[in-house]
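Residues per chain, in single letters:
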Amino acid sequence: MGGDSATSTDEGDRTLRSPKVFECEGLLFGVAGEARIGQLIRHVYNVPTLADGQDVEQFVIRDFCGGLRAFLKEQADDLLPSPDNDDEAWQLLVGVKGRLFKICSHMSASETATRYDAIGSGAPQALGSLASTEGKPPAERVEIALRAAERHNGGVSAPFTVVTSI
């Protein structure tokens, strides 16, 4: 999983020091949108662990999303959108046991049939690149996708961070 270092705000674009991708409790995370969600997951939220033999999709939907929603209601309610708001304040990519799930701020979780996904402003460019590099090693595909997104989207910039499963 990989991420860039750009953030865009009303005050302009900046390069972040803290990576948008990280490992926590054996899960890989990528963050887009509101950076605070990543900070909370990385440093405050007690990330659940997958039980032996537990279905991965069930874990993501029930344990991770359910637990994260309860945590946010208590600690950071402003990161949960109102039911009538279709806007996504943030998105996560969560890697679990070789599978990849996209989770939006409404707590819907999805997994693509392609086994790869992208979030953030450079997602269209990254997805096109990932589609064109099937068969290459995963870390190489991620690097190529990040460079393609940077070249064709002003909201994406190096340095890049790539993390792999443990």
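Right above here is the structure, for reference.
A few points on the structure.

Each value, and the rule that gives it
- Residues numbered from 1 in each chain as written.
- Predicted model: local features only at pLDDT ≥ 70, side-chain atom pairs only at ≥ 80, totals over all residues.
- Heavy atoms only, no water.
- Helix = DSSP H or I, 4+ residues; strand = E, 2+ residues; numbered from the N terminus.
- Rg over C-alpha atoms; globule rule 2.2 N^0.38 Å.
- Buried < 20%, exposed > 50% of the residue type's maximum accessible area, 1.4 Å probe, protein only.
- Contact = heavy atoms within 4.5 Å.
- Areas by Shrake-Rupley, 256 points an atom, 1.4 Å probe, with all protein chains shown as cover.
- Lys, Arg positive; Asp, Glu negative; His and termini not counted.
- Charge placed at Lys NZ, Arg CZ, Asp CG, Glu CD.
- Salt bridge = Lys/Arg side-chain N within 4 Å of Asp/Glu carboxyl O.
- Phe/Tyr/Trp six-rings, centres within 6.5 Å; stacked < 30°, edge-to-face > 60°.
- Axes fitted to C-alpha atoms, helices over the stretch in contact; angles between N-to-C directions.
- Parallel < 35°, antiparallel > 145°, perpendicular 65-115°, else oblique.
- Nonpolar A, V, L, I, M, F, W, Y, C, P; charged D, E, K, R; others polar.
- Bend = angle between axes of the 7 residues up to and from the residue.
- Polar contact = N/O pair within 3.5 Å; in protein donor to acceptor, adjacent residues only side chain to side chain.

1. Describing the overall build of the chain
Scanning the chain from N- to C-terminus turns up four helices and nine strands. When its helices and strands are written in sequence order, the chain yields β-β-β-β-β-α-α-β-β-β-α-α-β. Its C-alpha radius of gyration of 15 Å places the chain within 12% of the 15 Å reference for a compact globule of 166 residues. Principal-axis analysis of the C-alpha atoms gives the chain an extent of 45 × 40 × 30 Å. When each of the 166 residues of the chain is scored for burial, the buried share is 40%. For the chain, contacts bridging at least 24 residues in sequence account for 51% of all contacts bridging at least 6. When the accessible surface of the chain is totalled, it reaches about 9400 Å², and 47% of it is carbon and sulfur. Looking at the chain, you have 16 positive and 24 negative side-chain charges, and the mean spots of the two groups are 6 Å apart.

2. Concerning the pattern of salt bridges
Taken as a whole, this structure holds six salt bridges when the rule is applied. Measuring nitrogen to oxygen at the nearest pair gives 2.9 Å for the salt bridge that ties Arg36 to Asp78. Of the two residues, Arg36 is situated in helix α1 (residues 35-43) and Asp78 in the loop between α2 (56-75) and β6 (90-96); the sequence distance between them amounts to 42 residues. Judged by its relative accessible area of 28%, Arg36 is partly exposed.

3. Topic: the packing of aromatic side chains
Geometry of an aromatic ring pair is reported as the spacing of the ring centres plus the angle between the planes. A complete count under the given rule lists four aromatic pairs for this structure. Between the aromatic rings of Phe29 and Phe64, the centroid separation amounts to 5.6 Å while the plane-to-plane angle is 40°, which identifies the pairing as tilted. Residue Phe29 is located in strand β5 (residues 27-33), and its partner Phe64 is located in helix α2; the two are separated by 35 residues in the primary sequence. Per residue, the accessibility class of Phe29 equals that of Phe64, and both read buried. Between Tyr45 and Phe71, the aromatic rings sit 5.1 Å apart at their centres with planes inclined by 45°, giving tilted as the arrangement. Of this pair, Tyr45 sits in the loop between α1 and α2 while Phe71 sits in helix α2, and the two are 26 residues apart along the sequence. In this structure, Tyr45 and Phe71 share a single accessibility class: buried. Clustering of aromatic rings is evident, with ring pairs tying together Phe22, Phe29, Tyr45, Phe64 and Phe71.

4. Thoughts on the packing of α1 against α2
Relative to each other, α1 and α2 sit at 105°, their axes nearing to 12 Å. As the angle between them shows, α1 and α2 are arranged roughly perpendicular. Here α1 contributes Arg36, Ile37, Leu40 and Ile41 to the contact with α2, which in turn contributes Phe64, Leu68, Phe71, Leu72 and Gln75. Of the residues contributing to the contact of α1 with α2, the split by class is seven nonpolar, one polar and one charged.

5. Here we look at the side chain of Ser157
Checked against the element boundaries, Ser157 lands in the loop between α4 (138-152) and β9 (161-162). Owing to a relative accessible area of 19%, Ser157 belongs among the buried residues under this scheme. Ignoring any residue separated from it by four or fewer positions in sequence, one finds Ser157 in contact with Asp4, Ser5, Ala6, Thr15 and Glu150.

6. Thoughts on α2
The largest bend in α2 comes to about 25°, at Cys65. Considered for burial, the residues of α2 that qualify are Val56, Phe59, Val60, Phe64, Cys65, Leu68, Phe71 and Leu72. Summarising the contacts, the buried residues of α2 are in contact with β5, α1, β6, β7 (99-104) and β8 (109-110). Taking the backbone nitrogen of Glu57 as reference, a side-chain oxygen 3.2 Å away marks Asp55 as the first, capping residue of α2.

As far as function goes, none of this settles anything; it's purely spatial.
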